[in-house]
Every structure is written in C-alpha cells, then in structure tokens.
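Secondary and tertiary structure notes
Each chain, written out:
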Amino acid sequence: MKLKMIKAGCLSFALWVLAAAPTSAQMAWTDRAFANVNFGLQEQSRTIETSSTFSLYGEDGSMTTSQPIDGGALFDIGGGYKVWKNLAGGLGYSRVQSHGDIAISASVPDPNFFDRHRPLTGVSSNAEHSEHAIHLQGTWVMPVTDKIDVGFSFGPTIFMVGQDVATAISVTEPAPTLSSTTITREDHTTVGINLGVDLNYFFRPNIGGGLLVRYTYGSVDLDSVGESLTVGGFQLGFGLRYRFK
C-alpha cells in the first residue's frame, strides 16, 4: 500500500512539474548523452500453484504446491544518446531477485496397505526467483528549468528469468513427514515492454540525482508445471544522473 501511494505521488509530481512549466515544450535538450544508476525495489505479488503426481510403494501419490513470488531489491543502470531533438536512444539493464517458501500438500501411499493414502503437509524454503532485464529504450527528455528535467521512456524489454519449482518429494515413515524436496531450476527468456518516467535535479551542470518510476511486463511458460508466470512489475528507484555536454 505504501509503495502504491509513493508511485501515485511521484506521478502526480511529474504532472505538476509539467503543468507548472508551460514553456518547457519549447525548451531544447542541449546535452549529447546521459547515464543513470538507480537502486530501489520492484513491486510484484504473484503465486505459482502446481499439481503433479509421483510414484511411491508401487502406487501413485499426488502433490500440490503454492509458491508466492514477491518483489525484491532493484539495481538498474542505463544510458542514452541523442538521436533527434529531445529524443535519445538507449540501453538499460536491471536486476531483481527474491526468495520464498513453497507450501506443499500431498496424498502419500501407505507402505503396507494398498489404496490407503495419507495426508502430508510441509514447507520447502528458500526457492529463488530472479529477473535480469535488458531494456531497449527511446527517451524523450523534457527540460523544465536549467536544473530540472523529466524523461519519458518506452520500448521493448528482454527478460531472462530464473525460477525454482518443486517437482517431487521424499518422505520419512511412519508419519509420514517431508524429508526432502526435488527443486527444478527453470531458465527462460522472453520479450516484454517497459514504460517509465524519470524526474531529475542537477546540483552541478552535469551531475545530479533522480527518481525513476517504471512499469515492465512480460510472461514466461514454466515447462515443469505447465503454467505461465507474469514477470516484471512497478519499479521505484533513486540514484545518480550524469549528463555528457
């Protein structure tokens, strides 16, 4: 909730800056290029739910899992070069990583009696989710004053996604209890989009600080569970800005 309020406030501030400076549309961006570095976080709240079977004691058992995919710390770096008027073409890289627990619920065959399944619940910890993204961006830089500018970015994003998925379990008798979980690491690449707003203030002619608000979106298919996973999300970052004169 707090992050949503911050995002709304940042976007409102960007609109206020534009409204407060009606002459900014006529101001030319005079720099040749820019470089940005940001640290922040990515907001996402998703759940992977799977259903599968396994063989034990000559019978088939069943297993379901529920695995949350939460947001994580963001590192972002990028730059651009002026190609026409206020438009720059650029390239960026961002990384997000998080860990979560997998809740497991299973129906386990009995070693002594046929067709007498027993319930089992357990948790497998520290399942990793990672997103490495390359952003191809066009950025329209709109100067507001000699110290403030706003950049509007857009373009495709190449996501390189890694996801840990539970695919099988081992049990300890006689309870039964969960003894170990087989974790499959899936790595996929997909193409999505990115849209962003960058608010910048320069305390020296070519050095300043900025606030990044960006939305990225993509989707990958997880082979081991037959399910699609949405990747990306809202990103909020703060960092350094450098302008090449």
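Please refer to the structure placed before this passage.
Attention in this report is confined to the structure presented alongside it. Fair warning: this is a prediction, and the values are worked out from it, not measured in the lab. (Residues numbered from 1 in each chain as written. Predicted model: local features only at pLDDT ≥ 70, side-chain atom pairs only at ≥ 80, totals over all residues. Heavy atoms only, no water.)

Counting its regular elements, the chain contains one helix and eight strands. Secondary structure of the chain in N-to-C order comes out as α-β-β-β-β-β-β-β-β. By the burial criterion, 43% of the 245 residues in the chain qualify as buried. In the chain, once contacts between residues fewer than 6 apart in sequence are set aside, the share between residues at least 24 apart is 69%. Counting every atom, the chain has about 12,500 Å² of accessible surface; 61% of that belongs to carbon and sulfur. (Helix = DSSP H or I, 4+ residues; strand = E, 2+ residues; numbered from the N terminus. Buried < 20%, exposed > 50% of the residue type's maximum accessible area, 1.4 Å probe, protein only. Contact = heavy atoms within 4.5 Å. Areas by Shrake-Rupley, 256 points an atom, 1.4 Å probe, with all protein chains shown as cover.)

The subject of this paragraph is a nonpolar patch on the surface. A cluster of nonpolar residues, L91, L136, I158, M160 and V191, forms a patch on the protein surface that exposes about 410 Å² of accessible area. For L136, the location among the structural elements is in strand β4 (residues 118–143). (Patch = residues over 30% accessible without salt bridge, like charges linked within 9 Å, V, L, I, M, F, W, Y side chains within 5 Å. Salt bridge = Lys/Arg side-chain N within 4 Å of Asp/Glu carboxyl O.)

Reported here for the largest pocket is a volume of approximately 200 Å³. Along its surface, the largest pocket is lined by 16 residues, and D31, T145, D146, D149 and K245 are the ones closest to its centre. Partitioning the lining of the largest pocket into residue classes produces seven nonpolar, two polar and seven charged. (1 Å grid on protein atoms, 1.4 Å probe; cavity = no way out; pocket = protein on both sides within 12 Å on 5 of 7 lines; lining within 4 Å. Points joined across faces, edges and corners; volume = space filled by probe spheres on them. Nonpolar A, V, L, I, M, F, W, Y, C, P; charged D, E, K, R; others polar.)

Here we take up the packing of aromatic side chains. For the coordinates displayed, the defined rule picks out five aromatic pairs. Their ring planes at 55° and their centres at 6.3 Å tell us that W29 and F34 sit as a pair that is tilted. A relative accessible area of 4% means that W29 is categorised as buried. On the numbers, 5.4 Å between centres and 50° between planes, the contact of F39 with F75 is tilted. In this pair, F39 sits in strand β1 (residues 33–56) while F75 sits in strand β2 (residues 59–84), placing the two residues 36 residues apart along the sequence. Assessed through its relative accessible area of 52%, F39 is described here as exposed. (Phe/Tyr/Trp six-rings, centres within 6.5 Å; stacked < 30°, edge-to-face > 60°.)

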